[in-house]
Amino acid sequence: MASDPTEIRTVELQNIDVIEDPGRNQTAHWILNSPEPPSIFQELLSTIKQAVLPHKNNNLKKKATSSRRLASFLQALFPILRWGRNYKASKFKKDLMAGLTLASLSIPQSIGYANLAKLDPQYGLYTSVVPPLIYALMGSSRDIAIGPVAVVSMLLASLVQDIQNPEADPVAYRNLIFTVTFFAGIFQAMFGIFRLGFLVDFLSHAAIVGFMAGAAIVIGLQQLKGLLGISHFTAKTDVISVLESVFKSIIHEPWYPLNLVIGCTFLIFLLFARLIGRRNKKLFWVPAVAPLISVVLSTLIVFVSRADNHGVKIVKHITGGLNPSSAHQLQLTGPHVAQAAKTGLIAAIIALTEAIAVGRSFASIKGYHLDGNTEMVAMGCMNLAGSLTSCYVATGSFSRTAVNFSAGCETAVSNIVMAVTMFLSLELFTRLLYFTPMAILASIILSALPGLIDIHEAYHIWKVDKLDFLACIGAFFGVLFVSVEIGLLVAVTISFGKILLNAIRPGIEVLGRLPRTDVFGEISQYPMATKTPGFLIIRINSGLLCFANANFVRERIMRWVTEEEEIEENGKGKVQVVVLDITNIMNVDTSGISALEELHRKLLLHGIGLAVANPRWQVIHKLKVAHFVDKIGKERVFLTVGEALQGSFGPKVAGLGIC
C-alpha cells in the first residue's frame, strides 16, 4: 500500500538533527515552560479591579489610617484640596484679572450660543455659572475655561429638534435639552469612574478635524438668520436646506438691510480685534473685550435710534437672577427617554473630546499632567449639576481657554471669578440687554468660527495618511450636506473600516539580514538586506492571528514559497525552512491555529520545514494546548530569528532534496 507523501516528508524532516547548543536548550526551556497565562476570567476580573478600585501605591504604609485614606480619596475627587493649600495672593491677582477678562468674552458668547441652541438667552448665561464652579472644584486643568460652546450648541439644536419642535412647544424642547444634559453628565461620569475613556477615541483626530470644520460652516450659515433679520428659517442644518431657506426668505419675505449693516460692521470690528490680538500677544485683551464692547455699542445705538421700530431684531427680555431649579423638568419617563439618552451619549463624547483636547494642549505648554479620567468625572458632575440648575451641556471652549491662558491664569480660580461675574451680570445687567440686536450675536458667533477650521491640519493629515484624510473628508461632507449625526456616523464608520482593513489584510513581509549586523529587517524597507540561503524568513505584522485574517496569512505565505521556488531553478538555493517571526502576534484563536496546521502540512508536501520564532505568552500557551508544538517539534520553537537560523534543522538542511 502506498505511503502518504506528507508522512514521508514528516519523517525525513524530523530525522534532521538540531545543533546541540546548551544556550539553545536553555532558551527553548524558557519558551516552552513559561508559566501558564491568566485565564480570560482572571483578566476580566483584573480589568474590573483596575477600573473601579483606585491604584494602590506599594510604597505607602500598609497600615494607613482611615483618615488618610479618606483624605487621599477626597483629594483625588476634589483636586482643589491638593493645590489650594499652597494658593497665594499673588496667584489670585492673576486669576482675578484672567477671570474678569474671561467674563467679558463669555457674556456675549453665552447669549449667542444659547440662541444657537434655540434656547432663551438666559440659559447660556446660566451655563456659565454653575458648571464652571463645579469644574473648579473637581477638574485637574489650570487653564480650561468652562461654558457653552458653538459646536455642542449646534449639535443639541440639530438632534433635539428632530424629537421636539422648539417653535411648536418651546417648554417641552427646553425640558428635553435639560434631560439630554442629565444623560450627558451620567455618561461622562461613568466614562471616568469605569476608565472608559477609550470610547472617546472612537472619534479619531482626523474625524474631529473634519467634523469641526463642517460644523463651523453649518453654524456660520445658520447665522444668516440673525444677520439678515429673517423671521422664518429652516430647522434643518445641511447647507442645501439653509441656503434654499435664505434665498426663499429674501425673495418672498420682507427683510431689513439695517440688520445686515449692524452685523457686518461689528463683524469687521471683531475680526480686526482678533487680528490685533494675533499680531501682538500683549494685546490679547483686545479680542477678549471686543465682543462685550460690540454688545454695549450696538445696544446703545439701537436704543437711541429706536432701530427696533425699523425692522432690527432685538433680544428683548432676559430673565435675571440665580439659576432656577430644573430638577422637576427632567423627562426621565415617557416616549422620548431613549432618544434623549442617545443624544446625551453623542453630546457627551463630542464635549469630552473637545474639552480633553483643549486641556491637554495647554497642559503640555505649561508642563503639567492632565488626568483624563479626573476630567471625565469632573465634566460629568458639572453637567449633572447643570441639568438640575437650568443649564445645558457645558464643556471646555478653545477660544475662551486661549484668552484665559493669555490673561495669565494660574489655577481654576479664574473659572470661579468668571462664574461670580456672570452671576452678578444676571442679577444686575440683564435688563440693559433688552435692545441688544440679534445681528450682533450672529457676528460674535461668526467671529469665533475661523478657529474651528484648521486647513493646515487637514493638509497635514492628507500628507501623512490618506485613509485618515478620508475619515476627515467624510465627517466634513456628512455634516455639511446631510446632518451632524450622519457626519459623525460616516467618520466612525470609515475609522472602523480602516481598523478592519488592517486586521483582515495584515502586512506579511520577507526578512533579510542587514549587512554587518545581526538584525533582520523587511527587504521591502531595507533593499540592502540579504536573504539566508535555504531559509525563507517571514514576519506577520498583526497583533492577532484570527478567523478574520488566518486564511489570508496562510495563502500569502504559500505564495511567497511558490515565488521562491519559481525563482530558484534546478533546486539550487531551494528553500528548505520557513521561519515565521511572530513577534507582533499577541494572541491567536482556533482559526489561526488551524491555518498554521494547514500551512505546516502544505510545506511538508513541498519538502519544507517550519520553525517559529519569538512566540508571545498567550500564543505559545495556545499552540502547546492545541498540540501544534508537538506537530512541528519542540526543537523548532526559537527565541529569536537569529537563533532559528543558527540552530534550526542543523547543517543537514542544505542537503535535503525533494522526494
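Residues numbered from 1 in each chain as written. Predicted model: local features only at pLDDT ≥ 70, side-chain atom pairs only at ≥ 80, totals over all residues. Heavy atoms only, no water.

J.: Before we move on, could you go through the overall build of the protein and cite the residues and values that matter?
T.: Secondary structure summary: the protein contains 28 helices and 10 strands in total. In terms of overall dimensions, the protein is more spread out than a globule: its C-alpha atoms have a radius of gyration of 32 Å, far above the 26 Å expected for 659 residues. For the protein, the spread of C-alpha atoms along the principal axes amounts to about 110 × 70 × 55 Å. Of all 659 residues assigned to the protein, the portion counted as buried reaches 50%. In the protein, 82% of the contacts between residues at least 6 apart in sequence involve partners at least 24 apart. Element-wise, carbon and sulfur atoms account for 63% of the exposed surface of the protein, whose accessible area totals about 31,800 Å². Of the charged side chains in the protein, 57 are positive and 46 negative; the average position of the first set lies 11 Å away from that of the second. (Helix = DSSP H or I, 4+ residues; strand = E, 2+ residues; numbered from the N terminus. Rg over C-alpha atoms; globule rule 2.2 N^0.38 Å. Buried < 20%, exposed > 50% of the residue type's maximum accessible area, 1.4 Å probe, protein only. Contact = heavy atoms within 4.5 Å. Areas by Shrake-Rupley, 256 points an atom, 1.4 Å probe, with all protein chains shown as cover. Lys, Arg positive; Asp, Glu negative; His and termini not counted. Charge placed at Lys NZ, Arg CZ, Asp CG, Glu CD.)

J.: Describe in detail the packing of aromatic side chains, supporting the description with residues and values.
T.: Evaluation of the coordinates by the stated rule reveals 11 aromatic pairs. Ring plane angle 85 degrees and centroid distance 5.6 Å describe the contact between Tyr123 and Tyr126, whose orientation is recorded as edge-to-face. Pair noted here: Tyr123 and Tyr126 are both in helix α7 (residues 121-126), with a separation of 3 residues, about one helical turn. Of the two residues, Tyr123 and Tyr126, neither departs from the other in class, the shared state being buried. Arranged with centres 5.0 Å apart and planes meeting at 70 degrees, the rings of Tyr434 and Phe435 form a pair that is edge-to-face. Owing to a relative accessible area of 34%, Tyr434 belongs among the partly exposed residues under this scheme. Taking the relative accessible area as the measure of exposure, Phe435 reaches 15% and is therefore buried. Through pairs of rings, three or more aromatic residues link up here, namely Tyr123, Tyr126 and Phe178. Cation over ring: Arg142 sits above Tyr368, and NZ or CZ is 4.1 Å from the ring centre. Against the face of Trp462 rests Lys466, its NZ or CZ located 4.6 Å from the ring centre. (Phe/Tyr/Trp six-rings, centres within 6.5 Å; stacked < 30°, edge-to-face > 60°. Lys NZ or Arg CZ within 6 Å of the ring centre and 35° of its normal.)

J.: Quick rundown of the sheet that holds strand β5 (residues 535-541)? Include the residues and the values.
T.: Strand-to-strand pairing in sheets goes through backbone hydrogen bonds, with the strands running parallel or antiparallel. Judged by pairing direction, the sheet is mixed, and its 6 strands sit side by side in the order β4-β3-β5-β7-β9-β10 without closing on themselves. Strand pairing shows two members of the sheet lacking a second neighbour, β4 (520-522) and β10 (637-638), which therefore form its edges. Pairing geometry for strand β3 (residues 507-513) and β4, over 3 bridges, is antiparallel. Bridge pairing in β4 places Arg513 opposite Phe520. Across the face of the sheet, helix α24 (residues 550-567) comes into contact with β3, β5 and β7 (577-581) while running at roughly 155 degrees to β5. (Pairing = 2+ DSSP bridges. Axes fitted to C-alpha atoms, helices over the stretch in contact; angles between N-to-C directions.)

J.: Give me the lowdown on the nonpolar core, citing residues and values where you can.
T.: In terms of nonpolar packing, the biggest core is built from 115 residues, with Leu156, Phe211, Ile350 and Met379 touching the most fellow members. The greatest single-element share of this core, amounting to 14 residues, is contributed by helix α16 (residues 337-366). The contacts of Met379, once residues within four sequence positions are left out, are Tyr135, Ile144, Ile146, Gln188, Leu352, Ala355, Thr395 and Gly396. Ranked by size, the runner-up nonpolar core spans 33 residues in total, among them Leu32, Val578, Leu580 and Phe628. (Core = buried A, V, L, I, M, F, W, Y, C linked by side-chain atoms within 4.5 Å.)

J.: Tell me about a positive patch on the surface, residues and numbers included.
T.: There is a patch of like positive charges on the surface, built from Lys118, Lys225, Lys313 and Lys316. Among the secondary structure elements, Lys316 is positioned in the loop between α15 (285-305) and α16. (Patch = residues over 30% accessible without salt bridge, like charges linked within 9 Å, V, L, I, M, F, W, Y side chains within 5 Å. Salt bridge = Lys/Arg side-chain N within 4 Å of Asp/Glu carboxyl O.)

J.: Can you lay out the packing of α16 against helix α18 (residues 398-406) for me, pointing to particular residues and giving the numbers?
T.: Axis separation between α16 and α18 bottoms out at 10 Å; the angle between their running directions is 20 degrees. The angle between the axes of α16 and α18 places the two elements in the roughly parallel class. For the crossing formed where α16 meets α18, the hand is right-handed. Contacts between α16 and α18 pair Glu354, Val358, Phe362, Ile365 and Lys366 from the former with Phe398, Thr401, Ala402 and Phe405 from the latter. Counted by class, the contact of α16 with α18 contains 6 nonpolar, 1 polar and 2 charged residues. (Parallel < 35°, antiparallel > 145°, perpendicular 65-115°, else oblique. Left-handed = near helix turned anticlockwise from the far one by under 90°. Nonpolar A, V, L, I, M, F, W, Y, C, P; charged D, E, K, R; others polar.)

J.: A description of the pairing of strand β9 (residues 609-613) should follow, citing residues and the corresponding values.
T.: Burial of β9 is extensive: 5 of the 5 residues sit out of reach of the surface. Of the two faces of β9, the one lined by Gly609, Ala611 and Ala613 and the one lined by Leu610 and Val612 are each fully buried. Sheet analysis places β7 next to β9, joined by 5 bridges and oriented parallel. Paired with Asp581 across the bridge in β9 is Ala613.

J.: So what's going on with unusual backbone geometry? Residues and values would help.
T.: Trans is the common state for peptide bonds, and a negative phi is the common state for residues other than glycine. Of note in the backbone geometry, Arg306 takes a positive phi value of approximately 50 degrees without being a glycine. Overall, Arg306 belongs to the partly exposed group, its relative accessible area being 34%. One non-glycine residue, Lys316, lies in positive phi territory at about 70 degrees. In this structure Lys316 comes out as partly exposed when scored by relative accessible area, which is 47%.

J.: Describe in detail a nonpolar patch on the surface, supporting the description with residues and values.
T.: There is a patch of nonpolar side chains on the surface, built from Ile240, Phe477, Phe481, Val482, Ile486 and Leu489 and spanning about 530 Å² of accessible area. Among the secondary structure elements, Val482 is positioned in the loop between α22 (466-481) and α23 (484-504). Of the residues examined, Val482 reaches a relative accessible area of 44% and is grouped as partly exposed.

J.: Please give an account of the side chain of Glu643 that cites residues and values.
T.: Looking at where Glu643 falls in the secondary structure, it is placed in helix α28 (residues 641-647). We classify Glu643 as buried; its relative accessible area is 16%. At 3.2 Å, the side chain of Glu643 and the backbone nitrogen of Leu639 are in polar contact. (Polar contact = N/O pair within 3.5 Å; in protein donor to acceptor, adjacent residues only side chain to side chain.)

J.: Help me get a handle on helix α14 (residues 257-279), residues and values and all.
T.: Given a rise of 1.5 Å per residue, 23 residues ought to cover 33 Å, and the 33 Å separating the end C-alpha atoms of α14 matches this to within 8%. Inspection of α14 places Asn259, Ile262, Gly263, Phe266, Leu267, Leu270, Ala273 and Gly277 among the buried residues, and these make up the whole buried set. Buried residues in α14 make contact with α12 (224-228), α15 and α20 (438-448). (Expected span 1.5 Å × (residues − 1).)

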